[in-house]
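# Chain and residue survey
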Amino acid sequence: MGILDGKTALVTGGGRGIGKGIAVELAKEGADVIIADIDLDNAENTAIELRELGRKVTVVEMDITQEASVASAVSSALGEHNQINILVNNAGIMGDHVLGDEVQLKSWDKCFEVNLRGIWVVSRAIVGHFKEIGGGKIVNIASVAGRHGSGKHADYSASKAGAISVTQSLANELGPFNVNVNAVCPGVLWTAMWRQLEGMYSRDASEENVNQRKIFEGLIKDRCALNREQTPEDVGMLVAFLVSERSRNITGQAINVDGGMFMN
Ligand SMILES: NC(=O)c1ccc[n+]([C@@H]2O[C@H](COP(=O)([O-])OP(=O)(O)OC[C@H]3O[C@@H](n4cnc5c(N)ncnc54)[C@H](O)[C@@H]3O)[C@@H](O)[C@H]2O)c1
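Residues numbered from 1 in each chain as written. Predicted model: local features only at pLDDT ≥ 70, side-chain atom pairs only at ≥ 80, totals over all residues. Heavy atoms only, no water.

## Describing the packing of helix H1 (residues 17-28) against helix H2 (residues 40-51)
Note the cut-off: A fitted line through C-alpha atoms serves as each axis, taken over the contacting stretch for helices, and the angle formed by two N-to-C directions is quoted from 0 to 180°. To qualify as a helix, a DSSP run of H or I must reach at least 4 residues; to qualify as a strand, a run of E must reach at least 2; elements of each kind are numbered from the N terminus. Angles are sorted into four bins: roughly parallel if under 35 degrees, roughly antiparallel if over 145, roughly perpendicular if 65 to 115, and oblique for all others. Helix crossings fall into two classes, left-handed where the near helix is turned counterclockwise from the far one by less than a right angle and right-handed where it is turned clockwise. We call two residues in contact when some of their heavy atoms are within 4.5 Å. Residues are sorted three ways: Asp, Glu, Lys and Arg are charged, Ala, Val, Leu, Ile, Met, Phe, Trp, Tyr, Cys and Pro are nonpolar, and all the rest, Gly among them, are polar.
Two numbers describe how H1 lies on H2: the axes approach to 10 Å, and their chain directions differ by 20°. Classified by the angle their axes make, H1 and H2 are roughly parallel. Crossing geometry of H1 relative to H2 is assigned as right-handed. In this structure, H1 contributes Lys-20, Ala-23, Val-24 and Ala-27 to the contact, and H2 contributes Thr-46, Glu-49 and Leu-50. The residue makeup of the contact of H1 with H2, split by class, is 4 nonpolar, 1 polar and 2 charged.

Now the structure itself:
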C-alpha cells in the first residue's frame, strides 16, 4: 500500500532531472503518472522506467509557455486517465549568469515566462477539474534562490520568489475548494541545469571541466550544513508527502530541501 494509491499525478518537466525524481517517488507511492514535457525523447525514456514500477504512465507534449499546448496536453491526459488529482509544476530554466544590470530583456522575460507564468498557466488549466472532482494538490518547484536575491541570477531568483508568492495566492484562493498548494525549494542538485551553471560559473563549459564539479562541490562543502548534495529523489520524497493526505492541513508553505543551506 502506497500513500498515493489510486491517485494520478501530472508532472511538468518530468522527463529528466528533478522532475524525473519526483515522478519516480510518486509512482513508488502508488500514483499513476503523466509526464508533461517539451522534450518527448527524455519523457518517453522516463516513462519506460516508471512502467517497470507497475504504474500507468502517459507522456504528453506540453510547452508551459503556450496556453494552447497546455490545454491540449491536459485534455489528452484526461482522455487517458479519468482524473488528475495532483499537479507538480516542476519545469524550469536557468537565466543568464551576468550582473543584474546586464541581464538581457529576452533572458529576463523567458525566465518569468517559464518559471513563474508557466505555474499559473498550467494551474489555471487544471483547477477547474480539481473543483469538479472535489479537490486536488499542487506543488510548485521554486528554489532557495527565490528566498533571497542571488548574485548574477537576478532574473532566475526573482522568478522563483514569484513562484513562492503565487503558491501563497493560489493556496488562499483554492483552500475553500479543498486544494492544497505548496512550494518546494531545492538547494543544489547535479542535473543538466547545474552542469550548465558549472560551466557558467567557472567560465569553462568543456565536459572535462564540468565533470570535475569544482564549484558545485565547493558550494556543498561551504554552505550545506549536512555537507552533502541533494538528489531528485530527496525532492520527490517531500513532494510525495505534500500531495498525500498526511499533509492535509499544510498549505501555502515553501519548504527547503537544501541540506541546511538556508534556515528559515
Ligand atoms: N538543479 C538544481 O540545483 C535546482 C535547484 C533549485 C531549483 N531547481 C528547479 O527545479 C526544477 C527542475 O530543475 P532541473 O535541475 O531538473 O532542470 P533540468 O533542466 O534538468 O530539467 C528541466 C525539465 O523541464 C523541461 N522544460 C523546460 N522548459 C519547458 C517548457 N517550456 N515546457 C515544458 N517543459 C519544459 C525540460 O525539458 C526538462 O525536462 C526547475 O524549476 C529548477 O529551477 C533546480
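The discussion continues.
## Some points on the pairing of strand S5 (residues 136-141)
For a regular strand, side chains alternate in direction, first toward one face of the sheet and then toward the other. For clarity, the cut-off: Buried, partly exposed and exposed residues are distinguished by accessible area as a fraction of the type maximum, computed with a 1.4 Å probe on protein chains only: under 20%, between the cut-offs, and over 50%, respectively. If you view a crossover with the strands going away from you and the path from the first strand over the helix to the second runs clockwise, you call it right-handed. Here the rule is simple: two strands pair whenever DSSP picks up at least two bridges between them.
Most of S5 is tucked away: 6 of the 6 residues are buried. Burial of S5 is two-sided: the residues Gly-136, Ile-138 and Asn-140 facing one way and the residues Lys-137, Val-139 and Ile-141 facing the other way are all buried. Each parallel crossover has a hand, and for strand S4 (residues 86-89) linked through helix H4 (residues 105-133) to S5 it is right-handed. Of the strand pairs in this sheet, S5 and strand S6 (residues 179-186) are connected by 6 bridges, and their pairing is parallel. Paired with Gly-136 across the strands is Val-179, a residue of S6.

## A word on the domain arrangement of the protein
Rules: Bear in mind that the domain bounds are from an automatic or database domain assignment. When two parts are put together, the accessible area they lose, computed with a 1.4 Å probe and summed over both, is reported as buried area. Here a polar contact means two N or O atoms within 3.5 Å. Within protein one must be a hydrogen donor candidate and the other an acceptor candidate, and residues neighboring in sequence count only if both atoms are side-chain atoms.
If you check the domain split of the protein, you get domain 1 (8-187 + 231-257) and domain 2 (189-229). For domain 1 versus domain 2, the separation of C-alpha centres amounts to 24 Å. Each side of the interface is counted separately: domain 1 has 17 residues, and domain 2 has 10 residues. Per-residue buried area on domain 1 facing domain 2 is highest for Met-94, His-97 and Thr-231; these three make up 44% of the total on that side. Our enumeration of links across domain 1 and domain 2 arrives at 1 residue pair in polar contact (both at pLDDT 80 or more). A total of 3 residues in the side of domain 1 that touches domain 2 trace back to one element, the largest contributor, which is helix H9 (residues 232-242).

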